[in-house]
Amino acid sequence: VPSAAVASSVTPPRCRILLVDDHAMVRQELRSVLATYPDLEVVAEAVNGEEAVACAVRAPVDVVVMDLTLPQLNGIEATRRIKQARPTAIVIGLSVEPLPHTRDALLDAGAAALISKEVAVEELYRTIVQLVGGSGHPSDRGPLLLSETDTAVLSTELETSGESSGRVFRQS
């Protein structure tokens, strides 16, 4: 029987994040924000789509935060390849301008959500927790896809808070 001291020192598994953006400042900002949450850990970074696929295959990642406009391989095709290689990975797309056709292509590629870069700092953690589940680790999550009700509630929350609806899209 483990002692109370040993039992209390065991920490729950952390959600492992791969950040993908060709701009170092964006990656640095996202890393700084995510570092404030004890249930998340940024384990890798990539600067282009090819590197993102290689990192996702090589490193044990749970969530990929993916810019859509990347050199060498765009974020949509990188998402498709990551989901083929690692089907359990949750991909969250980031875009400066998340247009409906871009959202549809990204979701068709296997992503779970698309967030506007304008609200990424405010919405990323909440989106990760909603997609992964309450414990912060994918092995404990329920269904990956959110319902139409969840999407409608989030859109209403954004409108109520003064944000434009449509800045965060979820696959339903």
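Attention in this report is confined to the structure presented alongside it. (Residues numbered from 1 in each chain as written. Predicted model: local features only at pLDDT ≥ 70, side-chain atom pairs only at ≥ 80, totals over all residues. Heavy atoms only, no water.)

This paragraph deals with the environment of Ala-89. Note that Ala-89 resides in the loop between α4 (75–85) and β4 (90–95). According to the relative accessible area criterion, Ala-89 is buried, its value standing at 0%. Separated by 28 residues in the primary sequence, Ala-89 and Val-61 place their C-alpha atoms 6.8 Å from one another. Setting aside its immediate chain neighbours within four residues, Ala-89 contacts Asp-62, Ile-82 and Lys-83. (Helix = DSSP H or I, 4+ residues; strand = E, 2+ residues; numbered from the N terminus. Buried < 20%, exposed > 50% of the residue type's maximum accessible area, 1.4 Å probe, protein only. Contact = heavy atoms within 4.5 Å.)

Moving on, we come to helix α6 (residues 120–132). Compared with the 18 Å implied by 1.5 Å per residue over 13 residues, the 17 Å span of α6 between its first and last C-alpha is a close match. Buried within α6 are the following residues: Ala-120, Glu-123, Leu-124, Thr-127, Ile-128, Leu-131 and Val-132. Buried residues of α6, seen end-on, are gathered within an arc of 145° and therefore sit on one face of the element. At the C-terminal side of α6, Gly-133 shows a positive phi close to 120°. (Expected span 1.5 Å × (residues − 1). Arc of directions from axis to C-beta.)

This paragraph deals with the pairing of strand β2 (residues 40–46). Sheet topology places strand β1 (residues 15–20) next to β2; 6 bridges connect them, and they run parallel. Looking at the pairing, Leu-18 lines up with Ala-44 of β2. Handedness of the crossover is the feature at issue here: the chain leaves β1, passes through helix α2 (residues 24–34), returns alongside β2, and the resulting connection is right-handed. (Pairing = 2+ DSSP bridges. Right-handed = clockwise from strand over helix to strand, strands pointing away.)

What follows is about helix α5 (residues 100–108). Each α-helix turn comprises 3.6 residues. Residues three or four places apart therefore point the same way. By the burial criterion, the buried members of α5 are Thr-102, Leu-106 and Leu-107. The arc enclosing the buried residues of α5, seen along the axis, measures out at 130°, which places them on a common side. Counted as exposed and oriented over 90 degrees from the buried face of α5: His-101 and Asp-108. Gly-110 sits one or two residues past α5 and shows a positive phi near 120°.

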